[in-house]
Amino acid sequence: MPLAQTSTIVPVVIDDALCIADKGCTVCVDVCPLDVLRIVEGPDGSPVTAHMKYDECWYCMPCEADCPTGAVTVNLPFLLK
Amino acid sequence: MDEILDGTTQIDCDILIIGGGTAGPMAALKAKRKNPKANVILLDKANVKRSGAISMGMDGLNNSVIPGYATPEQYTKEITIANDGIVDQKAVYRYAEECYGIIQELDEFGIRFQKDQNGEYDVKKVHHIGTYVLPMPNGDTVKKALYRQLRKARINIINRYMATRLLTGEGRIAGAICVNTRTAEFLVVRAKAVVMSLGAAGRLGLPASGYLYGTYENASNSGEGYSMAYHAGAGLANLECFQINPLIKDYNGPACAYVAGPLGGYTSNAQGERFIECDYWSGQMMQEFYDELQGGKGPVYLKLNHLAEETVAEIERVLHIVERPTRGHFHRGRNTDYRKDMIEMHISEIGFCSGHSASGVFVDERARTTIDGLYAAGDMANVPHNYMLGAFTNGAFAGLDAVDFIKDVDFADFDMGDVDAERTRVLAPTKRDDGIPPNQIEYKTRRFVNDYLQPPKVTAKMELAQRRFEEVRHDMETEMYVRDSHELMRSLEASAIMDCADMAAAASLYRTESRWGLYHNRVEYERDDENWFCHTILTKGDDGKPAHAKKAVDDYIVEIDEDEKDAYNNQRVTSTVAAE
Ligand SMILES: Cc1cc2nc3c(=O)[nH]c(=O)nc-3n(C[C@H](O)[C@H](O)[C@H](O)COP(=O)(O)OP(=O)(O)OC[C@H]3O[C@@H](n4cnc5c(N)ncnc54)[C@H](O)[C@@H]3O)c2cc1C
């Protein structure tokens, strides 16, 4: 009984050009109350950028408010926006 | 991150505080200050820096008792009436007496409260009778200020561990079992006293949007506090007194009539008419809201479009930076401008929460539960209409009393078999090769909660709910499947939500009367003071199912006159005044 790969549009968007996860920043991942953000790793395991891994958002904003470079935008989940 | 690792560590502390949102940090600070030698651990599923209902701040204290504006007697009376008489006044009175001291401490932490030209607190009237709402102009800083104090006091903070079960032994509390949400490793914490401050059961009903996390409450509060207290054998009070809130439709956040009300905003029907005299949240008020919709006069709105530009701008400033700041995004997306449009509201899904109603773990005026050494405070403890200041103040009571409790006790022995059994339960979904993901278990449970438990409550529907819950529970216990430790956290939440759903149905069936307006509107039964002027206490029965008992309401310390008793039942505006 395989699990499906249903796609979903996620509310938290990261501007890769501004994100400094590659310099070791994990602020947004650290503060999220629902723990839904993660750092994408390159082929060698080094950090590249943050992203929303789990579509489980309270649209509360600590990730956006605490990001040191303004790379994070919290949109409303499509189902309720 | 997120892979499933095998491991169990055991640590010891004097006082374990579970939940570092609002009540928890205050409990920790008070305990540590009273006994600096005590080893106090504050443990949270999220990161204490930004966790809980106040993660982005709050726009005001909803229930403050400030000398010159209100007395503890008045407040106790107001809450007794608002909660339809079922109140042990001692706890409410003690809160009312001591919350002013807590406000002053918060002030010292750097949290500003609104003052008038004379430097006096500028308290607003929102409740039906008295004046208790104190705005916080820099309310966005509340969590940060609190966190600074925790660091200064060197409180031992453990983030990203989710408590799943309490440990008891020798007839008292012994500690808690916790699971790392990013590695699935176990942490067994032995403690002489435990304070539970895990917040509301905010993911019980399903939001109308269908989005599991689109809740009023911080969605990390999924009811583990209630479930853990239940499994440990503690008593839970009046769970049938659901939390149901008047919210912005779809956004499902507070419309904030508390902010707008003192500035002239109000709740209106589709004609722009006021239909309730008072916007303070109560079951009776929600019943009026429901009746207005049933009477074809809906939708119900928050009305601000009659206010002056400066007033609207001020309301907007507060509502769009504090508490639920994405509210601004929401209105922009819908092209809703407070100046022109009324804001559509709806009746929320159900939850358990004493912060706003009265469904919680039973506690006395010292925040003691029915288990020795176990305390509860904040939204999950049954002091009615607690709100944020109640969480702080009762959290303080818990921390202070816990310090006294640990003086005379050592760690209670517990059965290691309990830890093994919990490991087996927790890890079961990791041992399967495929099955049902936690989000589908959760969705189905919560949809049935909506279908069958959302008031008005009907006996036959609630009995059907129990059958459906049993089926989903069976599926959960035999087929739930997770792929990583994050999903494992969600599976544990699904199981707590299931426990809460069972308790919500059982408690609602037990009280065969109507009370608390919409919160416990049982269509087949009238209000019945003769048989039901009492608390209901739910515990885990010997058969592993909810058991019930009545508990007398303590003698009032502040008498309520006959003609005052129904103040909250009479809040419909009699001759509707057209909007100016
Ligand atoms: C949107 C909103 C607006 C509000 N507005 C106001 C207002 O304007 N004025 C007012 O007075 N009150 C307001 N309230 C009410 C007030 O915020 C709450 O009553 C109060 O903050 C509750 O405090 P608490 O400590 O019980 O819960 P919280 O502060 O929510 O803390 C609960 C903590 O428990 C943690 N937790 C949950 N489960 C676990 C677990 N299994 N293991 C470990 N940790 C766990 C959570 O991560 C969280 O940190 C509002 C509430 C909400 C949700």
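Since the model is a prediction, treat every value here as computed from it, not as a measurement. (Residues numbered from 1 in each chain as written. Chains lettered and ligands numbered in written order. Predicted model: local features only at pLDDT ≥ 70, side-chain atom pairs only at ≥ 80, totals over all residues. Heavy atoms only, no water.)

Residue and element names in this part refer to chain B. At the junction of G298 and P299, the peptide bond is cis and its omega measures out at -5° in the coordinates. Put simply, P455 and P456 share a cis peptide bond, and its omega is 0°. Tracing the chain through its elements places P456 in the loop between helix 12 (438–453) and helix 13 (459–479). In the Ramachandran plot, D2 falls in the positive-phi region, its phi being about 85° despite a non-glycine side chain. In this structure, D2 sits in the segment before strand 1 (8–18). On the basis of relative accessibility, which here comes to 3%, the residue D2 falls in the buried class. In the Ramachandran plot, W516 falls in the positive-phi region, its phi being about 60° despite a non-glycine side chain. Within the secondary structure layout, W516 lies in the loop between helix 14 (485–510) and helix 15 (529–532). (Helix = DSSP H or I, 4+ residues; strand = E, 2+ residues; numbered from the N terminus. Buried < 20%, exposed > 50% of the residue type's maximum accessible area, 1.4 Å probe, protein only.)

Residue and element names in this part refer to chain B. Spatial ordering of the open sheet is given by 10-13-12-11, a layout of four strands whose pairing is antiparallel. Strand pairing shows two members of the sheet lacking a second neighbour, strand 10 (246–248) and strand 11 (266–268), which therefore form its edges. Strand-to-strand, the axes of this sheet are offset by a mean angle of 45°, without reference to chain direction. Of the strand pairs in this sheet, strand 10 and strand 13 (residues 343–347) are connected by three bridges, and their pairing is antiparallel. Across the sheet, the residue bridging to P246 is I347, located in strand 13. Running over the sheet, helix 7 (residues 283–294) touches strand 10 and strand 13 and is turned about 110° from strand 13. On top of the sheet, helix 9 (residues 326–334) reaches strand 10, strand 12 (301–303) and strand 13; it is set at about 65° to strand 10, its chief contact. (Pairing = 2+ DSSP bridges. Axes fitted to C-alpha atoms, helices over the stretch in contact; angles between N-to-C directions. Contact = heavy atoms within 4.5 Å.)

In this section: the site of the ligand. Residue and element names in this part refer to chain B. The environment of the ligand is formed by 38 residues, the closest being T22, D44, G60, E224 and D379. Between E323 and the ligand, the recorded distance is 3.0 Å, taken from a side-chain N or O atom to an oxygen atom. D379 is positioned with one of its side-chain polar atoms (N or O) 2.6 Å from an oxygen atom of the ligand. (Near = heavy atom within 4 Å. Polar contact = N/O pair within 3.5 Å; in protein donor to acceptor, adjacent residues only side chain to side chain.)

Turning to the nonpolar core, a few remarks are in order. All names here are of chain B. Residues L16, I18, L43, L166, M196, F352 and L453 are the most contacted members of the largest nonpolar core, which totals 198 residues. Each of two domains, domain 1 (246–347) and domain 2 (430–552), supplies a minimum of three residues to this core. Not counting residues up to four positions away in its chain, the partners in contact with I18 are L43, A163, L166, A176, V194, V195, M196, S197, L198 and M228. In terms of nonpolar packing, the next biggest core, distinct from the first, is built from 17 residues, L167, A174, V179 and V419 among them. (Core = buried A, V, L, I, M, F, W, Y, C linked by side-chain atoms within 4.5 Å. Domains from an automatic or database assignment.)

Now for the domain arrangement of chain B. All names here are of chain B. Segmenting chain B into domains produces domain 1 (246–347) and domain 2 (430–552). Taken together, the contact pairs eight residues of domain 1 with seven residues of domain 2. Summing the contributions of domain 1 and of domain 2, the shared interface buries around 570 Å²; its carbon and sulfur component is 64%. Summed over the three residues of domain 1 that lose the most area to domain 2, namely G283, Q287 and Y290, the buried surface amounts to 62% of that side. Taken together, the links from domain 1 to domain 2 amount to zero salt bridges. The interface formed by domain 1 and domain 2 holds three residue pairs in polar contact (both at pLDDT 80 or more) in total. For the side of domain 1 that touches domain 2, the element with the most residues is helix 7, which contributes five residues. Its residues assigned to classes, the side of domain 1 that touches domain 2 shows four nonpolar, four polar and no charged. (Buried area = accessible area lost by both parts, 1.4 Å probe. Salt bridge = Lys/Arg side-chain N within 4 Å of Asp/Glu carboxyl O. Nonpolar A, V, L, I, M, F, W, Y, C, P; charged D, E, K, R; others polar.)

Next up on the list: the environment of T536 of chain B. Residue and element names in this part refer to chain B. The residue T536 is located in strand 16 (residues 534–540) in this model. Overall, the relative accessible area of 3% leaves T536 in the buried class. Along the chain, T536 and P135 lie 401 residues apart, while their C-alpha atoms are 35 Å from each other. A distance of 2.8 Å separates the side chain of T536 from the side chain of E240, its partner in a polar contact.

Residues and elements named next belong to chain B. Counted by the stated rule, this structure contains zero disulfides over all chains. Free of any disulfide, C178 has its nearest cysteine sulfur in C13, 9.6 Å distant. In this model C500 remains outside any disulfide bridge; the closest cysteine sulfur is found in C353, 12 Å from its own. Residue C500 is classed as buried on the basis of its relative accessible area, which comes to 0%. (Disulfide = S-S within 2.5 Å.)

What follows is about the interface of chain B and chain A. You'll often see interface size given as the accessible area lost when the parts meet. Chain B puts 41 residues into the contact, and the matching count from chain A is 31 residues. For the pair chain B and chain A, the two sides together bury roughly 3100 Å², of which 55% comes from carbon and sulfur. D2 of chain B is the salt-bridge partner of R38 of chain A, the closest N and O atoms lying 2.8 Å from each other. Counting every contact that joins chain B to chain A gives 25 residue pairs in polar contact (both at pLDDT 80 or more). Mapped onto the side of chain B that touches chain A, the elements with two or more residues apiece are helix 9 and helix 14 of chain B. At four residues, helix 9 of chain B tops the list of elements feeding residues into the side of chain B that touches chain A. Each residue belonging to the side of chain B that touches chain A can be placed in one class, and the counts come to 14 nonpolar, 14 polar and 13 charged.

To continue, consider the pairing of strand 2 (residues 37–41) of chain A. Residue and element names in this part refer to chain A. Both strand 2 and strand 3 (residues 47–52) contribute to a ladder of five bridges, which runs antiparallel. Within strand 3, the residue paired with V40 across the bridge is T49. Taking the residues that link successive antiparallel strands as the turn, the strand 2-strand 3 hairpin has five residues, and the phi of G45 there is positive, at about 85°.

Residue and element names in this part refer to chain B. Judged from the seven bridges that link them, strand 16 and strand 17 (residues 546–552) form a sheet pairing that is antiparallel. Bridge pairing links L538 to H548 in strand 17. Between strand 16 and strand 17, which pair antiparallel and follow one another directly, the connecting turn spans five residues, one of which, G544, has a positive phi of 80°.

All names here are of chain B. With respect to the element layout, T574 can be found in the segment after strand 17. The exposure class of T574 is exposed, given its relative accessible area of 79%. C-alpha separation for the pair T574 and A402, spaced 172 residues apart in sequence, amounts to 50 Å.

We now examine the confidence of the model for chain B. A low pLDDT means the predicted coordinates there should not be read in detail. Residue and element names in this part refer to chain B. Of the residues in chain B, 99% have a pLDDT of 70 or more, and the chain-wide mean is 96. Throughout residues 576–580 the model reports pLDDT below 50, and contacts reaching past four residues in sequence, or to other chains, amount to ten contacts. Among the prediction metrics, the complex's ipTM stands at 0.97, with pTM recorded as 0.97. (pLDDT = per-residue confidence, 0-100.)

Two strands in a sheet stick together by hydrogen bonds in their backbones, pointing the same way (parallel) or opposite ways (antiparallel). Residue and element names in this part refer to chain B. Ordered in space as 14-9-16-17, the four strands form an open sheet in which the pairing is antiparallel. Where the open sheet ends on each side, the last strands, each with one partner, are strand 14 (360–361) and strand 17. Sheet strands touched by helix 5 (residues 224–232): strand 9 (236–237), strand 14, strand 16 and strand 17. Its angle to strand 16, the strand with the most contacts, is close to 75°. Its contacts with the sheet put helix 14 on strand 9, strand 16 and strand 17, and the angle it makes with strand 17 is roughly 50°.

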